[in-house]
Amino acid sequence: MAQSLHVFAPLSPSPSPRLLCAHLASLPHHHRLLRRQFCRAFTSPPPAPDLGPAVLASDNGISASSFAATAASAIDVDAVTEAELKENGFRSTRRTKLVCAIGPATCGAEQLEALAVGGMNVARVNMCHGTHDWHRGVIRQVRRLNEEKGFAVAVMMDTEGSEIHMGDLGGAASAKAEDGEIWTFSVRAFNSPLPDRTIHVNYDGFAEDVRVGDELLVDGGMVQFEVIEKIGPDVKCRCTDPGLLLPRANLTFWRDGSVVRERNAMLPTISSKDWLDIDFGIAEGVDFISVSFVKSAEVINHLKSYIAARSRDSDIAVIAKIESIDALKNLEEIIRASDGVMVARGDLGAQIPLEQVPSAQRKIVKLCRQLDKPVIVASQLLESMIEYPTPTRAEVADVSEAVRQRADALMLSGESAMGQYPEKALTVLRSVSLRIERWWREEKRFEAMELPDVASSFSDKISEEICNSAAKMANNLGVDALFVYTKTGDMASLLSRCRPDCPIFAFTTSTSVRRRLNLQWGLIPFRLSFSDDMESNLNRTFSLLKARGMIQSGDLVIALSDMLQSIQVMNVP
Ligand SMILES: Nc1ncnc2c1ncn2[C@@H]1O[C@H](COP(=O)(O)OP(=O)(O)O)[C@@H](O)[C@H]1O
Ligand SMILES: C=C(OP(=O)(O)O)C(=O)O
Ligand SMILES: [K+]
Ligand SMILES: [Mg+2]
């Protein structure tokens, strides 16, 4: 049994300028400008790894045109993953998936392609910002990239939800609030230009709900005010923690050490605007809809039945964002009802004390894995990279911890939507993920987690047992890859839940299932038409993958199928 040896060759840019920047990162705060200028001048973009589909044909001695015509129709695989596989071998493919919020910094065709090349698995558009035309442009551009360049980037649409937030600052990009300044927060509708130091608040009950003495937190505490006077619709506030106000920033108010949820707690989770956005998302065929400020399982079920009635042929997965006290209270029922979860630490940190966010994250990630639902860790992972080209040590440690917890995916928000270094931020996520995953495997710090039964029928129970056993066998035998043939994706998900040491090649007949699987830990999704005859499926897959240089004779694989509920161990012939 000849097992092949794979050499690790990280996909990272030339290290020297980064090291210099890392050194400069330790300078005191007032030197950061210097640091920034230095890093701008010296970290030229990494030499773009040639990961385009053209690479695919070259190693095999097959002419590009005939290759594209035959192989492309037979099997679809993500161009970037394929190149990573060839370059680094099975063992070193990235298991943690990456989600990027798209905004003004990344909505162009070239920028989107750069993110896809950099490893973006899911592109997220946030309905808090932009117009439907803008979002449509981004979604269609992602689809075009997938079709023309062989990526499988999924699209996630994130609802606005009924949060309380500021208006758009009369068109200004930001406004600075200084210590001691008096600002007016008002529910009045203003004609532009807005009066000086005035902020519109979108929630009509605001002036009635706040009290003098309340603390007003902008963006989860990035800027803080104290309420000093109420005059009709106007609330006068003194700035106690200065900072930058950004358009439509989220607002919470605190009284006696906890967040105030008066009538705003009665706001619907899905507003009338959200329903219009959801209709838009369904019409555009997004892969995921993430729901902001979920409070209970009911709203998830409601949305899922709406989607099922509206779009019989497409299956859109519903992601519950955990970002409120109510969501934490009803955590398990929400996770069970959803197709996935996002730990939305931005708003969560504005609703519970900050020091409780890490334990909440840990709990949510663990429960999601146990219940077989993908989980995304989001917000402020690399916040300083909105402005600076290198992350802080603390940010790298935070990313590492999320990877170590084996979350399915990490998300960039402002870093990729409006930051100065979107691609570099993605590179940091990618290289930290790879490094921590490798360390974890090498150290064999394998944390066996008790995985409860999630099956609801006896047949599902068989699939679940097969997956648990196969993952265990894969670890014990040190196999190169798990192959799973799955129509619905469920068996791929169950394998991913086990977080095995080797990557999981998931073959599915549908392009939408394939894109959806792109959010899940360790899965390399392929689209392939296959039959009930595993013998012929395997032979076909082996020859297609061998032709593309993605596997070699002698590689040891375990193959599973959800049609036959079978499990086979074999060497690639
Ligand atoms: N479509 C858009 N148009 C303009 N600005 C956007 C858009 N999407 C995102 N942004 C900017 O990027 C920031 C970070 O994006 P995101 O994390 O999605 O939103 P938020 O932080 O408001 O929840 C936003 O605060 C906003 O300034
Ligand atoms: C991801 C989050 O949601 P949004 O960016 O939509 O506020 C969050 O609050 O952390
Ligand atoms: K949102
Ligand atoms: Mg939020």
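From a predicted model like this one, the values you see are computed outputs, not experimental measurements. (Residues numbered from 1 in each chain as written. Chains lettered and ligands numbered in written order. Predicted model: local features only at pLDDT ≥ 70, side-chain atom pairs only at ≥ 80, totals over all residues. Heavy atoms only, no water.)

(A) View of the coordination of the magnesium ion (ligand 4). Taken together, the protein ligands of the magnesium ion (ligand 4) are E323 (OE) and D347 (OD), with distances of 1.9 to 2.1 Å. Between the magnesium ion (ligand 4) and the potassium ion (ligand 3), a spacing of 5.4 Å is present. Residue E323 is located in the loop between β15 (317-322) and α11 (325-329), and its partner D347 is located in helix α13 (residues 345-351); the two are separated by 24 residues in the primary sequence. D347 matches E323 in its accessibility class, with the two residues each being buried. (Donors = N, O, S within 2.8 Å, 3.2 Å for Na, K, Ca; no water. Helix = DSSP H or I, 4+ residues; strand = E, 2+ residues; numbered from the N terminus. Buried < 20%, exposed > 50% of the residue type's maximum accessible area, 1.4 Å probe, protein only.)

(B) Spotlight on helix α9 (residues 272-284). Along its 13 residues, α9 runs 19 Å from first to last C-alpha, staying within 8% of the 18 Å computed at 1.5 Å per residue. Taken residue by residue, α9 has D274, D277, I278, F280, G281, I282 and E284 as its buried positions. Close packing links the buried residues of α9 with α7 (132-149), β4 (154-158), β14 (288-291) and α10 (297-310). (Expected span 1.5 Å × (residues − 1). Contact = heavy atoms within 4.5 Å.)

(C) The site of ligand 2, seen in detail. Around ligand 2, the neighbouring residues are R124, N126, K321, E323, M342, A344, R345, G346, D347 and S379. Taking G346, its main chain carries an N or O atom lying 2.8 Å from an oxygen atom of ligand 2. For ligand 2, whose unbound accessible area comes to 290 Å², protein coverage reaches 86%. Sorting the residues of the shell around ligand 2 by element identifies β3 (122-126), β16 (340-344) and α13 as the ones contributing at least two each. The element contributing the most residues to the shell around ligand 2 is α13, with three residues. Across the shell around ligand 2, the residue classes tally to two nonpolar, three polar and five charged. (Near = heavy atom within 4 Å. Polar contact = N/O pair within 3.5 Å; in protein donor to acceptor, adjacent residues only side chain to side chain. Areas by Shrake-Rupley, 256 points an atom, 1.4 Å probe, with all protein chains shown as cover. Nonpolar A, V, L, I, M, F, W, Y, C, P; charged D, E, K, R; others polar.)

(D) Seen up close, helix α14 (residues 357-370). Taking 1.5 Å of rise per residue, 14 residues should cover 20 Å, and α14 covers 20 Å from first to last C-alpha, within 8% of that figure. By the burial criterion, the buried members of α14 are V357, A360, Q361, I364, V365, L367, C368, R369 and Q370. Trailing α14 by a residue or two, D372 shows a phi angle of about 65 degrees, which is positive.

(E) Structural detail: the site of ligand 1. In the vicinity of ligand 1, the residues found are I102, G103, P104, R124, N126, H129, G130, W134, S413, G414, A417 and M418. Residue N126 places a side-chain N or O atom 2.9 Å away from an oxygen atom belonging to ligand 1. Measuring from an oxygen atom of ligand 1, one finds a side-chain N or O atom of H129 at 2.7 Å. Protein contacts shield 73% of the accessible area of ligand 1, which totals 530 Å² for the unbound molecule. Put simply, the parts of the chain that give the shell around ligand 1 at least two residues each are β3 and α16 (414-417). Residue classes in the shell around ligand 1 are distributed as five nonpolar, six polar and one charged.

(F) Broad picture of the domain arrangement of the chain. Examined at the domain level, the chain breaks down into domain 1 (91-162 + 268-443), domain 2 (169-266) and domain 3 (458-571). Put simply, the middle of domain 2 and the middle of domain 3, counted by C-alpha atoms, are 52 Å apart. (Domains from an automatic or database assignment.)

(G) Representation of the sheet that holds strand β6 (residues 182-186) in the model. With mixed pairing, the seven strands of this open sheet are ordered in space as β7-β6-β10-β9-β8-β12-β13. Taken across any chain shown, the strands that pair with only one partner, and hence form the sheet edges, are β7 (198-200) and β13 (258-259). As paired strands, strand β8 (residues 215-218) and strand β9 (residues 223-231) are joined by four bridges and run antiparallel to one another. Bridge pairing links L216 to F225 in β9. (Pairing = 2+ DSSP bridges.)

(H) View of the UniProt feature "domain: Pyruvate kinase C-terminal" (unreviewed entry) in the chain. Residues given the UniProt feature "domain: Pyruvate kinase C-terminal" (unreviewed entry) here are residues 464-563. A helix fraction of 43% and a strand fraction of 22% characterise residues 464-563, whose end C-alpha atoms lie 13 Å from each other. (UniProt positions renumbered as here; feature names shortened; annotations may be inferred.)

(I) Region of interest: the UniProt feature "domain: Pyruvate kinase barrel" (unreviewed entry) in the chain. As recorded in UniProt, the sites labelled "domain: Pyruvate kinase barrel" (unreviewed entry) are residues 94-425. In this annotation, residues 94-425 is assigned 33% helix and 24% strand; the end-to-end C-alpha distance for the span is 16 Å.

(J) Expanded view of the environment of S292. One can find S292 in the loop between β14 and α10. Sequence separation between S292 and E323 is 31 residues; the distance between their C-alpha atoms is 7.5 Å. One polar contact links the side chain of S292 to the main-chain carbonyl oxygen of T159, over a distance of 2.6 Å. Here the side chain of S292 touches K321 through a polar contact of 3.0 Å, side chain to side chain.

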